[in-house]
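Analysis of the macromolecular model
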Amino acid sequence: MTSSSATPATPAWTSQELDRIERAEELEIASLRRGGELGSRRTIWVVRVGDGIYVRSVNGPGSDWYRGTRARREGRIRAGGVDKDVTFIDADGGIDDAVDAAYRAKYGRYSANTIQRITSSTAGSTTLRLLPR
């Protein structure tokens with residue numbers, strides 16, 4: 001008898017959820033605290049790259065909401081009518097250019113300074129992929 005090395009499939013976003021979140025101007029995010037309750041919701045920008053949903057901290061790793069994601073790596077998001085428990089995964093740096101391009105395309109009507117901040121290496125270092133739970 002051989003053992004299987006297969007791992008359970010990671011839950012995926014539905015195409016409807018991806019579309020709704022992509023069309024949303026902003027996303028509300030709350031991390032799960034150590035005691036199991038949700039922290040305060042923060043409103044941030046969100047982008048879609050392929051079948052992935054990504055967020056960044058424009059203020060870098062010192063931002064309160066971002067630091068909150070580090071404790072349990074779980075939380076809840078709300079955007080475009082989608083209300084979902086998520087896992088926060090550090091994004092692979094190989095996706096940075098695509099995430100930068102998605103931010104420029106979606107939010108390019110904002111000031112050049114604002115776009116420069118969200119696509120900076122500081123913000124890029126906080127890129128999280130959101131996986132549904």
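Everything in this summary refers to the structure shown in the same document. Per-chain numbering applies: the sequence of each chain, read as written, is numbered from 1 onward. Only residues with pLDDT of at least 70 are given local features in this predicted model, and only at 80 or more are side-chain atom pairs given and counted; all residues enter the totals for whole chains, interfaces and linings. With hydrogens and water stripped out, all remaining heavy atoms of the structure feed into the side-chain values.

Side note on the side chain of Thr-69
- Elements are defined by DSSP. Helices are runs of H or I of four residues or more, strands are runs of E of two residues or more, and each kind is numbered from the N terminus. Relative to the elements of secondary structure, Thr-69 occurs in helix α2 (residues 64–72).
- Side-chain atoms alone can form a polar contact between residues adjacent in sequence; in general such a contact is a pair of N or O atoms within 3.5 Å, and within protein one must be able to donate a hydrogen while the other accepts it. Within the structure, Thr-69 has its side chain in polar contact with the backbone oxygen of Tyr-66 (distance 2.6 Å).
- Note on contacts: a residue pair qualifies if any of its non-hydrogen atoms lie within 4.5 Å across the two residues. Residues contacting Thr-69, with those up to four places away along its chain left out, are Ser-31, Phe-88 and Leu-128.

So, the nonpolar core
- One finds Trp-13, Ile-21, Leu-27, Ile-29, Val-55, Ile-77 and Leu-130 to be the most contacted residues of the largest nonpolar core, which totals 29 residues.
- Setting aside its immediate chain neighbours within four residues, Trp-13 contacts Leu-18, Ile-21, Asp-51, Ile-53, Ile-77, Val-82, Lys-84, Val-86, Leu-130, Leu-131 and Pro-132. Joining through side-chain atoms within 4.5 Å is the link that ties buried Ala, Val, Leu, Ile, Met, Phe, Trp, Tyr and Cys residues into a set, and such a set is a nonpolar core. When a residue's accessible area, from a 1.4 Å probe over protein chains only, is under 20% of the maximum for its type it is buried; when over 50% it is exposed; and in between it is partly exposed.

Here we look at the environment of Asp-96
- Inspection of the secondary structure assignment puts Asp-96 in helix α3 (residues 96–107).
- Taking relative accessible area as the criterion, Asp-96 reaches 23% and is therefore assigned partly exposed.
- Spatially, the C-alpha atoms of Asp-96 and Ser-57 are 13 Å apart, while their sequence positions differ by 39 residues.
- Among all residues touching Asp-96, those that are not within four sequence positions of it are Arg-56, Gly-124 and Thr-127.

Some points on helix α1 (residues 15–23)
- By the burial criterion, the buried members of α1 are Glu-17, Leu-18 and Ile-21. The buried residues of α1 occupy an angular sector of 100° when projected down its axis, which confines them to one face. Across from the buried face of α1, at angles greater than 90 degrees, the exposed residues are Ser-15, Gln-16 and Arg-23.
- On the buried face of α1, the contacting elements are β3 (46–49), β4 (52–55), β5 (74–79), β6 (82–90) and α3. Throughout, the arc means the angular range of directions from the helix axis out to the C-beta atoms.

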